[in-house]
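# Summary of structural features
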Amino acid sequence: MQFIADLHIHSHYSMATSKKCDPYNLCIWAAKKGLDIVGTGDFTHPAWREELRESLVEDGQGLFRLNDERLSELSKSAPGLDLSSVRFVVSGEISSIYKRHGRTRKVHNLVMVPTLDAADRIAARLSEIGNIEADGRPILGLDSRDLLELCLEECEEVMFVPAHIWTPHFSLFGAKSGFDTVEECFGDLVDHITAMETGLSSDPPMNWRLSALDRFALISNSDAHSPGNLARESNLFDCEMSYTAIRNALTADGGGFVGTLEFFPEEGKYHYDGHRKCGIRWDPAQTNLHGGVCPVCGKQVTQGVLHRVDELADRPEGVRPQVARHFERLVPLRSVIASALGTSEQTVSVTRMYELLVHSLAPELAILRTVPLDEIKAAAGAVIAEGVRRVREGQLSIAPGFDGEYGKVEIFTDAERNELAGQAKLFTMPHSEPHRGGKKPGETSSEPLPPR
Ligand SMILES: [Zn+2]
Ligand SMILES: [Zn+2]
């Protein structure tokens, strides 16, 4: 069967996360988004595992669902959403900070297991090494290789995936404190790594430029710190919905892993180089021109993902290796609505429209990907429908993210939005009151929008 999974998220026990990252809200938001499987996040945290045990029940396939009591409570408060089909996979992220080959390394790894008992065993071992209660994503002085060994000892079926492998500060290939090769990081255990998480700031074509990545499944997850950010990126499967089937699929040539739903990489926080505080945003060529030095503060700028990929790549842009999988680029529906309404994403009007659409029309991912545009138009109006069409066609502009700041998506200019809204009024209200100034009937421009 086909399903969509977001495997890497965080609970309310992680730093800087929403209080709403609890089992109920994660389940509700998974349903709103159209996710079939969502990671629990933070399985190393004892209180979180306690909470999971109170709310979830094993489904017999190495996955979990809300227990019947919780389901009936929730279904009343969230009518119209299919909560019973949402599954959880036990997952967590560990931050390792350690010395290797004479340099400080900071690497995040995503770990998944099929049972909470396996999570208990791994957590017990980690608690001998460092504090796993201070943060849902614990920081340990444990070498990535040794963490992998420990996980394999406690659970043979563990899925161990280097997380957001390109981010500058905390990742396998990170420019600041990562490695140049996977082998350097995992040594003799490298063959146990079969998948890589590419992160928000890179997309599959960027990763295809490294032949060294051909032997891995390239997965994408939201790394959400609040339930509303679930499914920013996710994975498409076509196999049995079980832990074992997912594990078998997550290899370079594993059948059943169809591909990924992605951010536009420019939306990510570390696509370009630069200094946020100094207001410097550079593409790699500009950085090289300045010798990498910020003209405002005189320090080295933070190298972004695009630049780092370029540094390690052994293929030119545009090469598509044989093992490449399907992928689609998306913009979150809230951003599309905000751009269509000409307002910020945090406003009540955006929230109202979002809730109306995901409850009455379809889950977010379906609206973005497959719901016919005339149905979206009927429910949301012409401008939002046009926004979805533009996202599907890739007709938008993005000021790329840099040094920790998200990219800024622009789907409509003010002039385009006003024009579209004006047209929509004429078409939907033919007998409305007489025109107050502006264009007279018949003067409405029907020219196509300029290409972007
Ligand atoms: Zn991380
Ligand atoms: Zn600076």
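Residues numbered from 1 in each chain as written. Chains lettered and ligands numbered in written order. Predicted model: local features only at pLDDT ≥ 70, side-chain atom pairs only at ≥ 80, totals over all residues. Heavy atoms only, no water.

### A few points about the overall build of the chain
On a plain count of helices and strands, the chain comes out with 16 helices and 17 strands. Taken over the C-alpha atoms alone, the chain extends approximately 75 × 60 × 40 Å along its principal axes. Residue pairs in contact within the chain that sit at least 24 positions apart in sequence constitute 70% of those at least 6 positions apart. Averaging the coordinates of the 48 positive side-chain charges in the chain and doing the same for the 65 negative ones gives two points 6 Å apart. (Helix = DSSP H or I, 4+ residues; strand = E, 2+ residues; numbered from the N terminus. Contact = heavy atoms within 4.5 Å. Lys, Arg positive; Asp, Glu negative; His and termini not counted. Charge placed at Lys NZ, Arg CZ, Asp CG, Glu CD.)

### A few points about empty space enclosed by the protein
For the structure on display, the rule yields two cavities of 30 Å³ or more. Of the voids in this model, the largest cavity is the one considered here, and its volume is about 190 Å³. Looking at the largest cavity, it is lined by 19 residues, and the ones nearest its centre are W208, L218, V323, A324 and R325. Of all the secondary-structure elements, those providing two or more residues to the lining of the largest cavity are helix 7 (204-207), strand 10 (217-219) and strand 12 (257-263). Considering each element in turn, the lining of the largest cavity owes the most residues, three residues, to strand 12. (1 Å grid on protein atoms, 1.4 Å probe; cavity = no way out; pocket = protein on both sides within 12 Å on 5 of 7 lines; lining within 4 Å. Points joined across faces, edges and corners; volume = space filled by probe spheres on them.)

### What to know about the coordination of the zinc ion (ligand 2)
Distances from the zinc ion (ligand 2) to its protein donors, namely H275 (ND1), C278 (SG), C294 (SG) and C297 (SG), fall within the range 2.0 to 2.4 Å. Note that the zinc ion (ligand 2) binds four donor atoms; their angles at the metal cover 101 to 123°, and the shape is tetrahedral. Mapped onto the sequence, the residues coordinating the zinc ion (ligand 2) show the spacing H-x2-C-x15-C-x2-C. Linking C278 in the loop between strand 13 (273-275) and strand 14 (280-282) with C297 in the loop between helix 9 (284-289) and helix 10 (305-312), this pair joins segments that are 19 residues apart in sequence. A residue is classified by how much of its surface remains accessible, and C297, at 36% relative accessible area, is partly exposed. (Donors = N, O, S within 2.8 Å, 3.2 Å for Na, K, Ca; no water. Tetrahedral: all angles 85-135°; square planar, octahedral: opposite > 155°, others 65-115°. Buried < 20%, exposed > 50% of the residue type's maximum accessible area, 1.4 Å probe, protein only.)

### So, a positive patch on the surface
A cluster of basic residues, K269, R276, K277 and K299, forms a positive patch on the protein surface. Mapped onto the secondary structure, K277 falls in the loop between strand 13 and strand 14. Under the relative-accessibility criterion, K277 is labelled exposed at 86%. (Patch = residues over 30% accessible without salt bridge, like charges linked within 9 Å, V, L, I, M, F, W, Y side chains within 5 Å. Areas by Shrake-Rupley, 256 points an atom, 1.4 Å probe, with all protein chains shown as cover. Salt bridge = Lys/Arg side-chain N within 4 Å of Asp/Glu carboxyl O.)

### Here we look at the pattern of salt bridges
Here the structure, examined in full by the defined rule, presents 27 salt bridges. Its salt-bridge partner being R137, residue E93 comes within 3.5 Å of it at the nearest N-O pair. You can see E93 sitting in strand 5 (residues 87-100) and its partner R137 sitting in the loop between helix 4 (116-127) and strand 7 (139-140), a full 44 residues away along the chain. On the basis of relative accessible area, E93 is assigned to the buried category, the value being 1%. Judged by relative accessible area, R137 falls into the partly exposed class, the value being 22%.

### With respect to the coordination of the zinc ion (ligand 1)
For the zinc ion (ligand 1), the full set of protein donor atoms is E93 (OE), H108 (ND1) and H164 (NE2), and the range of their distances to it is 2.0 to 2.2 Å. For the zinc ion (ligand 1), all donor residues lie on one chain, and their spacing in sequence is E-x14-H-x55-H. Linking H108 in strand 6 (residues 103-113) with H164 in the loop between strand 8 (159-162) and helix 6 (182-186), this pair joins segments that are 56 residues apart in sequence. Like H108, the residue H164 is buried in the burial classification.

### Let's talk about the confidence of the model for the chain
Looking at the chain, pLDDT values average 92 and 94% of them are 70 or higher. Confidence over residues 429-452 falls short of pLDDT 50; this stretch has 21 contacts with residues more than four positions distant or in other chains. (pLDDT = per-residue confidence, 0-100.)

### Examining the pairing of strand 12
The buried fraction of strand 12 is high, at six of seven residues. Strand direction decides the pairing type here: strand 11 (residues 234-238) and strand 12, joined by four bridges, are antiparallel. In the strand pairing of strand 12, F237 is matched with F257. With five bridges joining them, strand 12 and strand 15 (residues 326-330) adopt parallel strand pairing. (Pairing = 2+ DSSP bridges.)

### Brief notes about the domain arrangement of the chain
Under the domain assignment used here, the chain contains domain 1 (2-267) and domain 2 (332-395 + 413-428). Once you take the C-alpha centre of each, domain 1 and domain 2 turn out to be 31 Å apart. The interface of domain 1 with domain 2 comprises 16 residues on the first partner and eleven residues on the second. The largest contributions to the domain 1 side of the interface with domain 2 come from K32, K33 and F264, which together make up 44% of the buried area. (Domains from an automatic or database assignment. Buried area = accessible area lost by both parts, 1.4 Å probe.)

### Overview of the layout of surface pockets
Volume-wise, the largest pocket comes out at about 680 Å³. Taken together, 26 residues line the largest pocket, and the ones lying closest to its centre are P332, R334, S335, E345 and Q346. For the lining of the largest pocket, the secondary structure elements donating two or more residues are helix 11 (333-341), strand 17 (408-410) and helix 16 (414-428). No other element matches helix 11, which puts four residues into the lining of the largest pocket. Classifying every residue of the lining of the largest pocket gives six nonpolar, ten polar and ten charged. Per-domain counts for the lining of the largest pocket show at least three residues from each of domain 1 (2-267) and domain 2 (332-395 + 413-428). (Nonpolar A, V, L, I, M, F, W, Y, C, P; charged D, E, K, R; others polar.)

### Focus on unusual backbone geometry
Phi is positive for H101, close to 50°, though the residue is something other than glycine. Structurally, H101 is set in the loop between strand 5 and strand 6.

### Re the packing of aromatic side chains
This structure, assessed with the given rule, holds seven aromatic pairs. Centroid distance F3 to F237: 5.2 Å. Interplanar angle 15°. Geometry classified as stacked. Taken together, the positions of F3 in strand 1 (residues 2-6) and F237 in strand 11 put the pair 234 residues apart, joining distant regions of the chain. The pair F3 / F237 is uniform in exposure class, with both members buried. The interplanar angle of 80° and the centroid separation of 5.9 Å between the aromatic rings of W208 and F327 together place this pair among those described as edge-to-face. With a gap of 119 residues between them, W208 in the loop between helix 7 and strand 10 and F327 in strand 15 connect regions that are remote in the sequence. Pairwise contacts between aromatic rings join F3, F237 and F257 into one cluster. Over the aromatic face of F179 sits the side chain of R105, whose NZ or CZ is 4.3 Å from the ring centroid. (Phe/Tyr/Trp six-rings, centres within 6.5 Å; stacked < 30°, edge-to-face > 60°. Lys NZ or Arg CZ within 6 Å of the ring centre and 35° of its normal.)

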